[in-house]
Amino acid sequence: MSQIPEMMGGRELNHDIPLAEGMNITYPNSTGDVALTRQLSVNTAASAVDVPAVSHPEALYDLTYTIPANSLAAGMRVRIGFQGVVVDNNGTDTLSVILRLGGLAGTALVTIVGANVADADFFSGEIVLHIRTAGASGTFVGHGYVSGFTSISTAMVQVAVASTAINTTVAQVVGVGADWSAVSADNESRLEMLTVEVLG
């Protein structure tokens, strides 16, 4: 764990420490109490091209991040960003992309609705979750945006997540799912980026 000596009277303190995947940065205040803990996960390589045989029904790309059990508390934020690309598509088959918290069976935070995509279409999104309460019956809300498949629309669409249950006493997998409308060897997409920041 790396530490910055003080918060300079509450003012923001900038530093040049590179953050590696899974690295924790702790900023103590003048009394020695932790003022902010930042856990950052950034992928260093794109996902493998998804496997058509398992992408209908939905399957997660192989880029995921697990938020450790008991690491979220009331008042903390989780900022998630993702971006991917359609490698190839078959005819009029459609692709949906879903950002999930809690793995494949977990909560759908952001959904890019199924569309007849084109080769080289990009998709992206970002959302900030606010932990309201922690524990086995914790809750969170969220807000962010998605940008759909570029051959269809480049507009950013705002999204909001109403108060939703979360069990912070267990590990929570952050992942992005792909769901093609049909299985075909020509239906391929790749997740280029997944970043997760846990902010106190």
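Keep in mind it's a predicted model, so treat the numbers as computed, not measured.

### A closer look at the overall build of the chain
Okay, so step 1: A count of helical and extended segments in the chain gives 0 helices and 12 strands.
Okay, so step 2: Going residue by residue from the N terminus, the α and β elements of the chain occur as β-β-β-β-β-β-β-β-β-β-β-β.
Okay, so step 3: Sorting the 200 residues of the chain into buried and exposed places 43% on the buried side.
Okay, so step 4: Long-range pairs, those at least 24 residues apart, make up 67% of the contacts in the chain between residues at least 6 apart in sequence.
Okay, so step 5: A total accessible area of about 9600 Å² is found for the chain, and carbon and sulfur atoms account for 54% of it.

### Looking at the pattern of salt bridges
One side chain can pair with another of opposite charge once the charged atoms of both are near each other.
Okay, so step 1: Taken as a whole and judged by the stated rule, the model has 3 salt bridges.
Okay, so step 2: With a closest N to O distance of 2.8 Å, Arg 100 and Glu 58 form a salt bridge. Pair noted here: Arg 100 is in strand β6 (residues 95-101) and Glu 58 is in the loop between β3 (34-42) and β4 (59-67), with a separation of 42 residues, a long-range link. The residues Arg 100 and Glu 58 share a single accessibility class, namely buried.
Okay, so step 3: Across the pair Glu 192 and Arg 190 runs a salt bridge, and its minimum N-O distance is 2.9 Å.
Okay, so step 4: A relative accessible area of 24% means that Arg 190 is categorised as partly exposed.

### Concerning the side chain of Ser 47
Okay, so step 1: As for its placement among the helices and strands, Ser 47 is situated in the loop between β3 and β4.
Okay, so step 2: Beyond its immediate chain neighbours, meaning those up to four positions away, Ser 47 contacts Tyr 61, Asp 62, Leu 63, Arg 190 and Leu 191.

### Things to note about the packing of aromatic side chains
Okay, so step 1: For the coordinates displayed, the defined rule picks out 1 aromatic pair.
Okay, so step 2: Aromatic side chains Phe 123 and Phe 149 sit 5.8 Å apart centroid to centroid with 70 degrees between the ring planes, which places their arrangement in the edge-to-face category. Highlighted residues: Phe 123 in strand β8 (residues 122-133) and Phe 149 in the loop between β9 (138-147) and β10 (156-166), separated in sequence by 26 residues. Here Phe 123 matches Phe 149 in class, with each residue buried.

### As for the nonpolar core
Okay, so step 1: Of all hydrophobic cores here, the largest spans 37 residues; its most connected members are Ile 80, Phe 82, Leu 99, Leu 109 and Phe 149.
Okay, so step 2: If we ignore the near neighbours within four places in the chain, the residues touching Phe 82 are Val 97, Leu 99, Val 110, Ile 112, Phe 123, Ser 124, Gly 125, Val 176, Leu 191, Met 193 and Leu 194.

### A few points about the side chain of Thr 168
Okay, so step 1: Residue position: Thr 168 is located in the loop between β10 and β11 (172-180).
Okay, so step 2: Engagement of the side chain of Thr 168 in a polar contact is seen with the backbone nitrogen of Gly 135, the distance being 2.7 Å.

### A closer look at the layout of surface pockets
Okay, so step 1: Empty space within the second largest pocket amounts to approximately 170 Å³.
Okay, so step 2: When contributions to the lining of the second largest pocket are tallied by element, the ones reaching two or more residues are β7 (107-115) and β10.
Okay, so step 3: When its residues are assigned to classes, the lining of the second largest pocket shows 9 nonpolar, 3 polar and no charged.

### Observations regarding the confidence of the model for the chain
Okay, so step 1: Of the residues in the chain, 78% reach a pLDDT of 70 or more, and the chain-wide mean stands at 82.
Okay, so step 2: Ranking the helices and strands of the chain by mean pLDDT puts β8 first, with 97, and strand β1 (residues 2-3) last, with 43.
Okay, so step 3: Contacts from residues 1-21, a stretch scored under 50 in pLDDT, to residues over four places away or in other chains number 32 contacts.

### Let's talk about the sheet that holds β11
Each strand in a sheet pairs with another by means of backbone hydrogen bonds, the pair being arranged parallel or else antiparallel.
Okay, so step 1: What the 4 strands build is an open sheet, ordered β4-β11-β6-β7; its pairing is antiparallel. The open sheet has two edge strands with one neighbour each: β4 and β7. The sheet shows a mean angle of 10 degrees between the axes of neighbouring strands, direction not considered.
Okay, so step 2: Across 6 bridges, the pairing between β4 and β11 is antiparallel. From the neighbouring strand, Thr 64 faces β11, where its bridge partner is Gly 175.

About the thresholds
Residues numbered from 1 in each chain as written. Predicted model: local features only at pLDDT ≥ 70, side-chain atom pairs only at ≥ 80, totals over all residues. Heavy atoms only, no water. Helix = DSSP H or I, 4+ residues; strand = E, 2+ residues; numbered from the N terminus. Buried < 20%, exposed > 50% of the residue type's maximum accessible area, 1.4 Å probe, protein only. Contact = heavy atoms within 4.5 Å. Areas by Shrake-Rupley, 256 points an atom, 1.4 Å probe, with all protein chains shown as cover. Salt bridge = Lys/Arg side-chain N within 4 Å of Asp/Glu carboxyl O. Phe/Tyr/Trp six-rings, centres within 6.5 Å; stacked < 30°, edge-to-face > 60°. Core = buried A, V, L, I, M, F, W, Y, C linked by side-chain atoms within 4.5 Å. Polar contact = N/O pair within 3.5 Å; in protein donor to acceptor, adjacent residues only side chain to side chain. 1 Å grid on protein atoms, 1.4 Å probe; cavity = no way out; pocket = protein on both sides within 12 Å on 5 of 7 lines; lining within 4 Å. Points joined across faces, edges and corners; volume = space filled by probe spheres on them. Nonpolar A, V, L, I, M, F, W, Y, C, P; charged D, E, K, R; others polar. pLDDT = per-residue confidence, 0-100. Pairing = 2+ DSSP bridges. Axes fitted to C-alpha atoms, helices over the stretch in contact; angles between N-to-C directions.

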